[in-house]
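Spelled out, the chains give:
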Amino acid sequence: MTTPALDLMASLRSGNSTSPRLTWYGPDAERVELSGRVLDNWVAKTSNLLQDELDAAPGMRLRLELPAHWKAMVWALASWQLGLETVLEGGPADFLVTADPESVDGRYDAVIAVALPALAMRWPGELPAGCIDYAAEVRSHGDIFMAHADADPAVSALVDREGRGHLHRDLLDGFAVAHDEGVRLHIPAGTGLEAALANALGAWKQGGSVVLTHPDVELTDKLLAAERIHGK
């Protein structure tokens, strides 16, 4: 059984898979560009970490406590590819993905610490006991994801900030924001993770790509021209 998230990942790794799909501008002149194939590899590795190491299965809940960032996009896609419910606000969950493992509130089957700098090979410092270091662990997992169980399109994929539920089968038609065919879309990270995900899904659905910029990054004419941002 397929879901829109699985179909989306298949489209990103096929066709024009070497074209940029997700470009990130962060602090200190950080720039990360992921082609469709590379984005799919990151999502597959993350899905495999969840499935093979943490026994994640369809219907479980993953709390995504990250800012709008390229790694947060990877985690949301991996969660949906597995058929999990992604929790963007508070509430119970089976797994917590966080950039602040020292401030964990609640009980989880696993807590995964995500170092946000692109070149981080491990968490910078000591982690609380039992916390998983995403940067250190993810690269050992496979580039191809094979689900152990089918995701159910009729279960919840996420609940938005207004309390509206979105099923997996509705992610690209109900949650995603509509955009032009082939758009090269700018997404300001300051609008929050939910808005970033909704806009990115809408752009990718139309065969487009996104440029996500940290709030500290100035959107200059030079950057707009260099990234060929167009459409809406």
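Look a little higher up for the structure.
These numbers were taken from a predicted model, which means no experiment stands behind them.

> Can you walk me through the overall build of the protein chain in this structure?
In terms of regular secondary structure, the protein chain is built from 7 helices and 11 strands. For 232 residues, the compact-globule formula gives about 17 Å, and the C-alpha radius of gyration of the protein chain, at 17 Å, lands near that figure. C-alpha atoms of the protein chain, sized along the principal axes, occupy 45 × 40 × 35 Å. The buried share among the 232 residues of the protein chain stands at 52%. Of the roughly 10,600 Å² of accessible surface on the protein chain, 50% is carried by carbon and sulfur atoms. Positive and negative charge centroids in the protein chain, built from 19 and 33 side chains respectively, lie 6 Å apart.

> Just to check I follow, could you spell out the pairing of strand β2 (residues 30–35) for this structure?
Consecutive side chains of a regular strand alternate in pointing toward one face of the sheet and then the other. Sheet topology places strand β1 (residues 20–26) next to β2; 6 bridges connect them, and they run antiparallel. In the sheet register, G26 faces β2, and the bridge partner there is E30.

> Could you clarify how one ought to interpret the packing of aromatic side chains in this entry?
To describe a pair of aromatic rings, one takes the distance between the centres and the angle between the planes. A full pass over the atoms with the stated rule returns 3 aromatic pairs. With 5.1 Å between their ring centres and 50° between their planes, W75 and Y134 make a pair best called tilted. One end of the pair, W75, is in helix α3 (residues 70–82); the other, Y134, is in helix α4 (residues 134–137), and 59 residues separate them in sequence. Across this residue pair, the class does not change: W75 and Y134 are buried. For the ring pair W80 and F175, a centre distance of 6.4 Å and an interplane angle of 70° mean the geometry is edge-to-face. Placement of the pair is W80 in helix α3 and F175 in helix α5 (residues 171–175), with a sequence separation of 95 residues. For W80, a relative accessible area of 0% puts it in the buried group.

> Mind showing me how you'd approach the nonpolar core here?
Inside soluble globular proteins, nonpolar side chains tend to come together where they are buried. Counting 63 residues, the largest nonpolar core has W75, W80, L201 and W204 as the members making the most contacts within it. Per-element accounting of this core gives the leading share, 10 residues, to α3. Ignoring anything within four residues of it in the chain, the contact list for L201 reads L8, L77, W80, L171, L172, F175 and A176. If you look at the next biggest cluster of nonpolar residues, it comprises 9 residues, including A113, A115, A120 and C131.

> Is there a simple way to explain the pattern of salt bridges in this structure?
Two side chains bearing opposite charge may form a pair once their charged atoms approach each other closely. Summed over the entire model, instances satisfying the criterion amount to 10 salt bridges. R164 serves as the salt-bridge partner of D160, at 2.9 Å between the closest nitrogen and oxygen. What you see here is one network of salt bridges that share partners, running through R31, E33, R184 and E227.

> Teacher, can you tell me more about the sheet that holds β1 here?
Note on sheets: strands pair through backbone hydrogen bonds, and any given pair is parallel or antiparallel. Taken in spatial order, the 4 strands of this open sheet run β2-β1-β11-β10, and their pairing is mixed. Looking at the sheet topology across the chains shown, the edges are occupied by β2 and β10 (184–188). For this sheet, the mean angle separating the axes of adjacent strands, direction not counted, is 15°. Two strands pair when backbone bridges link them, and β10 and strand β11 (residues 209–213) are joined in this way by 5 bridges, in the parallel orientation. Paired with H186 across the bridge in β11 is V211. The strands touched by helix α6 (residues 193–205) are β1, β10 and β11; relative to β11, the strand with the most contacts, the crossing angle is about 155°.

> Explanation requested: α6 in the structure shown.
Given 3.6 residues per helical turn, the α-helix brings residues three or four places apart onto the same face. Between its terminal C-alpha atoms α6 stretches 18 Å, which fits the 18 Å expected from 13 residues at 1.5 Å a residue. In terms of residue burial, α6 counts as a mostly covered element, since 11 of its 13 residues are buried. Those residues of α6 not exposed but buried are L193, E194, A196, L197, A198, N199, A200, L201, G202, A203 and W204. At the exit of α6 stands G207, carrying a positive phi of roughly 75°.

> What is the right way to look at the environment of A149 in this model?
Looking at the secondary structure, you find A149 in the loop between α4 and β8 (156–159). A149 gets classed as partly exposed once you look at its relative accessible area, which sits at 39%. Placed 36 residues apart in sequence, A149 and L185 show a C-alpha to C-alpha distance of 34 Å.

> I tried to follow a negative patch on the surface on my own but got confused; where do I start?
On the surface, a cluster of negative charge is made up of D52, E53, D55 and E137. Structurally, D52 can be placed in helix α2 (residues 36–54).

Rules behind the numbers
Residues numbered from 1 in each chain as written. Predicted model: local features only at pLDDT ≥ 70, side-chain atom pairs only at ≥ 80, totals over all residues. Heavy atoms only, no water. Helix = DSSP H or I, 4+ residues; strand = E, 2+ residues; numbered from the N terminus. Rg over C-alpha atoms; globule rule 2.2 N^0.38 Å. Buried < 20%, exposed > 50% of the residue type's maximum accessible area, 1.4 Å probe, protein only. Areas by Shrake-Rupley, 256 points an atom, 1.4 Å probe, with all protein chains shown as cover. Lys, Arg positive; Asp, Glu negative; His and termini not counted. Charge placed at Lys NZ, Arg CZ, Asp CG, Glu CD. Pairing = 2+ DSSP bridges. Phe/Tyr/Trp six-rings, centres within 6.5 Å; stacked < 30°, edge-to-face > 60°. Core = buried A, V, L, I, M, F, W, Y, C linked by side-chain atoms within 4.5 Å. Contact = heavy atoms within 4.5 Å. Salt bridge = Lys/Arg side-chain N within 4 Å of Asp/Glu carboxyl O. Axes fitted to C-alpha atoms, helices over the stretch in contact; angles between N-to-C directions. Expected span 1.5 Å × (residues − 1). Patch = residues over 30% accessible without salt bridge, like charges linked within 9 Å, V, L, I, M, F, W, Y side chains within 5 Å.

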